[in-house]
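If you want the building blocks of each chain, they are given just below.
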Amino acid sequence: MYSFRRFDRTTILFIGLVAVSFLLATFDVRAQGEGVGSVMREGAQSLFTPVQEAASFVTRPVVGFVDGVSNLAGLRDENTRLAQRVAELERLVAETEEAQRKVVELETVLGLEVISDLPAVTARIVASGPTDFEEVRFIDKGTADGIVRGQAVIDENGLVGRIDFVSEHAARVLLVTDPRSGVGVRDLATNDTGWVEGRGTATLRLEMFNAEEPVEEGDLLVTDGSRFPPGIPVGTVLSAAASEVGFSLATTVSPVVEITRLDFVKIIVGWDPLDARFGEGEEEVDEEVPPPDSGVVE
Amino acid sequence: MRSRAVAVALAMVVVAVILQTTLFGEGRIQPFGASPNLVVVVVIATVRHLDTEAGLLVGFTGGLLMDLLGGSPLGLWAMVMTVVAYLTLRLRHRADDGVLSVAIGVFALTFLAHSLFVLAGTLFGQRLLTDLDVVRLMLLPSLYNMLLAAVVLPLATRLMGARRVDSWAA
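Residues numbered from 1 in each chain as written. Chains lettered and ligands numbered in written order. Predicted model: local features only at pLDDT ≥ 70, side-chain atom pairs only at ≥ 80, totals over all residues.

Here the focus is the overall build of chain A. Scanning chain A from terminus to terminus reveals five helices and twelve strands. With 298 residues in all, chain A has 36% of them scored as buried. Across chain A, every contact between residues at least 6 apart in sequence was considered, and the portion connecting residues at least 24 apart equals 59%. (Helix = DSSP H or I, 4+ residues; strand = E, 2+ residues; numbered from the N terminus. Buried ≥ 20, exposed ≤ 12 C-beta atoms within 10 Å, placed from the backbone. Contact = placed C-beta atoms within 7 Å.)

Turning our attention to the overall build of chain B. Summing up its helical and strand segments, chain B has six helices and zero strands in all. Shown N-terminal to C-terminal, the secondary structure of chain B runs as helices and strands in the order α-α-α-α-α-α. Whereas a compact globule of 170 residues would reach a radius of gyration of roughly 15 Å, chain B reaches 15 Å, a difference of no more than 12%. The principal-axis extents of the C-alpha atoms in chain B amount to approximately 45 × 30 × 30 Å. (Rg over C-alpha atoms; globule rule 2.2 N^0.38 Å.)

The subject of this paragraph is the pairing of strand β5 (residues 171-175) of chain A. Residue and element names in this part refer to chain A. Within β5, five of the five residues are buried, which leaves the element mostly enclosed by the surrounding structure. Neither face of β5 is open: one carries Ala-171, Val-173 and Leu-175, the other Arg-172 and Leu-174, and all of them are buried. Bridge count for strand β2 (residues 136-139) against β5 is four bridges, and the pairing is antiparallel. Paired with Val-136 across the strands is Leu-174, a residue of β5. In this sheet, β5 lies alongside strand β4 (residues 159-166) in antiparallel orientation, the contact comprising five bridges. By the bridge assignment for β5, Gly-161 is matched with Leu-175. The hairpin turn running from β4 into β5, its antiparallel successor, is four residues long. (Pairing = 2+ DSSP bridges.)

Below, the discussion takes up the pairing of strand β9 (residues 220-223) of chain A. Residues and elements named next belong to chain A. As paired strands, strand β6 (residues 182-187) and β9 are joined by three bridges and run antiparallel to one another. The partner of Arg-186 across the bridge, within β9, is Val-222. Here β9 runs beside strand β10 (residues 233-237); their pairing, made up of three bridges, is antiparallel. Note that in β10 the partner of Leu-220 across the bridge is Thr-236.

Residues and elements named next belong to chain A. On the basis of which strands lie adjacent, the closed barrel formed by six strands has the order β1-β2-β5-β4-β3-β12 and antiparallel pairing. The sheet shows a mean angle of 45° between the axes of neighbouring strands, direction not considered. In this structure, strand β3 (residues 152-154) lies alongside β4, joined through three bridges in antiparallel fashion. Each residue of the ladder has a partner; that of Val-153, found in β4, is Gly-161. (Axes fitted to C-alpha atoms, helices over the stretch in contact; angles between N-to-C directions.)

Residues and elements named next belong to chain B. It is at 10 Å that the axes of helix α2 (residues 38-47) and helix α3 (residues 52-68) come closest, and there the two elements cross at 165°. Compared by their axis directions, α2 and α3 come out roughly antiparallel. α3 is crossed by α2, and the crossing has right-handed handedness. Here Val-39, Val-43, Thr-46 and Val-47 of α2 come into contact with α3, specifically with Gly-55, Val-58, Gly-59, Gly-62 and Met-66. (Parallel < 35°, antiparallel > 145°, perpendicular 65-115°, else oblique. Left-handed = near helix turned anticlockwise from the far one by under 90°.)

Between chain B and chain A, the residue contacts involve 47 residues of the former and 45 residues of the latter. Counting residues per element, the ones that place at least two in the side of chain B that touches chain A are α1 (2-23), α3, α4 (76-91) and α5 (99-123) of chain B. Per element, the largest residue contribution to the side of chain B that touches chain A is seven residues, and it comes from α1 of chain B. Taken together, the residues of the side of chain B that touches chain A sort by class into 24 nonpolar, 17 polar and six charged. (Nonpolar A, V, L, I, M, F, W, Y, C, P; charged D, E, K, R; others polar.)

Residue and element names in this part refer to chain B. Here Ser-101 shows up in helix α5. We classify Ser-101 as partly exposed; it has 16 C-beta atoms within 10 Å. Sequence separation between Ser-101 and Phe-111 is ten residues, and the spatial gap between their C-alpha atoms is 15 Å.

What follows is about the confidence of the model for chain B. Residues and elements named next belong to chain B. Summing up the model confidence of chain B, the mean pLDDT is 87 and the portion of residues at 70 or higher is 91%. Taking the mean pLDDT of every element in chain B, the minimum, 91, falls on α5 and the maximum, 95, on α2. This model gives residues 165-170 a pLDDT under 50, and the stretch forms 21 contacts once residues within four places in sequence are excluded. (pLDDT = per-residue confidence, 0-100.)

Below you can see the structure in the form of structure tokens.
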């Protein structure tokens, strides 16, 4: 009799906790990053970010050691490959510097904002998501440093992701590789626009709005200026593609940033993201539906 | 004695979540592109020494902390960890003592936890099933957790002052 009562209580508590969890998740999804969930997250981040910073500082040598040991076998091949790559890039740099100088001159003449001139805040990544399913990073800067939801996060290579939650001294970055992440892009080779989505893996999915113009392998995709500042490199097309039955053109893209090598990032605070300008309700619509081509760079 | 065990369990879960977010994952320790789920192992290791009610609450708290410090909707991991805690509490009286039983139990519970997270996450719009590596991200952490269990389970037993160090049942 006693054991039956005990079993019953346990089961009732179990069902109750599962129900509470389910309700929490429902309200959190419906609140779209606001409400009680947001307050709890802010509190938890305020409390745990300093601890995570300290833990990250302590564990960094361990991570470096493990990384070094695991890569030991491939180091020689990697070295040779990199030496060849450096020679190739040195030649490209010389060509690019001249082209870049001309672009900056033209942008200045036309009154366009130059990305490198936009104010940015540098932040350190202090933690990642608890599991490999969550393509997020946590940084040590927040609203106190001028960061708001929706701002673009970049590194020296290009677009890393966007701020999707922010507290006073910390923020969460949704990486471009996350399946919930999407960004409007422009193919520099054709000037056509499209939509890039994360897939949780090392590659992204590209769908072009204009299916008539094929994309070629190696085409560089940059932000189209609808959500983020225009011209930020996003990725390169991995395989050429032409339209399927005349109305769909999709292929895979390799992101320009090395997600596994992220340590420091920059948050562009000098650009009004759509999220901050219009409020949260419209942001979710923007997230689901690819935005129309704004033509900012034209 | 009981309150001490609960306090130790909660402390271990908090440390596990902090280590999980700073030591494992992309750019950190992630052999073959997947990381162990330390929090699942710690919940299994601690809950098996607790009363049923306390065990369920420890599992729920650990999951909630993962939600708060992660990118998923609040409550998803809390639900998953509550299920893990519940099954651990049920299985501890039935599983045979021995390394193999413990290893299979940890593997199965980790795999179940990740499967449940993917299903519940998809239900709440997380698009986790679109992840091309989803099967690998469920299998490899389960294998890694089997190895971690060899360290974490005896450690939890020792810290919590439980009677037996190397058995599944407390």
